[in-house]
Every structure is written in C-alpha cells, then in structure tokens.
Amino acid sequence: MDKEEVIKLKIKNSIEDNDINKARILIHEYERHYDLDIEYFSLLSIIEILEGDFLKAKKTIKTGLDLKPNDYDLLFNMNYLMKNILSDSYEEKRYYIWSKLFNISLEVENPFKG
C-alpha cells in the first residue's frame, strides 16, 4: 500500500471512530501532497456533513460530480444530504434519477412517492 492509500485509510478510520478533528487534519495533509481525486471529494464531503457544514458538503459533492458524474459514493452522499438534511425536493429527485440512470442502488425512498 502506497503512502496515498495509507493516508486515505487513516482518514476513513478517523471518520469511523468519529474523530472528526483528526480526519480534518489528515484531509488537509492529503490536499497538500496529492492530486484531488474522487475519493478525496467523497471523504471531504462526509467530514463536512459530520461537522454540520451542509452547504459546503453539497458544493464539495458537486465539484466531485463534475469530475465523475456517475460516482457511486458521491451520488450516495448527495442523495443522503438532499433526503435527510437539506430536503430540496427538486434536487433530491434529480440525484435519485441520476442514481437510477447509473444503476446505483441507494437505500433511500423514491422521492416521487406521495
């Protein structure tokens, strides 16, 4: 496992351990040393959601989706954010449709139902 993968694993472990401060420090370290890939945007958005910065998380996810519109993790994070936190019906439906177009199974309710 290379250094880049090790730091990503440390970020994931910090998130799972609910050590958001450590995850934030590690993600900044990642930003300084590596190219910003799709996984970076996914991890950063999770950190931002856990910090309660929902609009920033939405922007981060959109930036990642601009790079890879069919990324499972980013679509999942956006759908979760729209469904459970921001509750923007139009965008929630849009990301639900995207997830279905790319055949991504999300454990969320169909927003078109009642």
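These numbers come from a predicted model, not from an experiment.

Draft legend 1. Layout of the confidence of the model for the protein. Looking at the protein, the pLDDT average stands at 83 and 75% of residues meet or exceed 70. By mean pLDDT, the top-scoring element of the protein is helix H2 (residues 20-33) (97), and the lowest-scoring one is helix H6 (residues 89-101) (60). Predicted confidence is poor over residues 110-114, with pLDDT under 50, and the contacts of this stretch with residues over four places away or in other chains come to seven contacts.

Draft legend 2. Local environment of the packing of helix H1 (residues 3-16) against helix H3 (residues 38-51). In the contact formed by H1 and H3, the axes pass within 11 Å of each other and the chain directions differ by 25 degrees. Taken as axis vectors, H1 and H3 run roughly parallel relative to one another. With respect to the hand of their crossing, H1 and H3 are arranged in left-handed fashion. Listed contacts from H3 to Lys8, Ile11, Lys12 and Ile15 of H1 are Glu39, Leu43, Ile46, Ile47 and Leu50. Residues that form the contact of H1 with H3 fall into these classes: six nonpolar, no polar and three charged.

Draft legend 3. How the structure looks around H3. With 14 residues, H3 extends 20 Å from end C-alpha to end C-alpha; this agrees with the ideal 20 Å at 1.5 Å per step. Burial within H3 is extensive, with ten of its 14 residues counted as buried.

Cut-offs and rules
- Residues numbered from 1 in each chain as written.
- Predicted model: local features only at pLDDT ≥ 70, side-chain atom pairs only at ≥ 80, totals over all residues.
- Heavy atoms only, no water.
- pLDDT = per-residue confidence, 0-100.
- Helix = DSSP H or I, 4+ residues; strand = E, 2+ residues; numbered from the N terminus.
- Contact = heavy atoms within 4.5 Å.
- Axes fitted to C-alpha atoms, helices over the stretch in contact; angles between N-to-C directions.
- Parallel < 35°, antiparallel > 145°, perpendicular 65-115°, else oblique.
- Left-handed = near helix turned anticlockwise from the far one by under 90°.
- Nonpolar A, V, L, I, M, F, W, Y, C, P; charged D, E, K, R; others polar.
- Expected span 1.5 Å × (residues − 1).
- Buried < 20%, exposed > 50% of the residue type's maximum accessible area, 1.4 Å probe, protein only.

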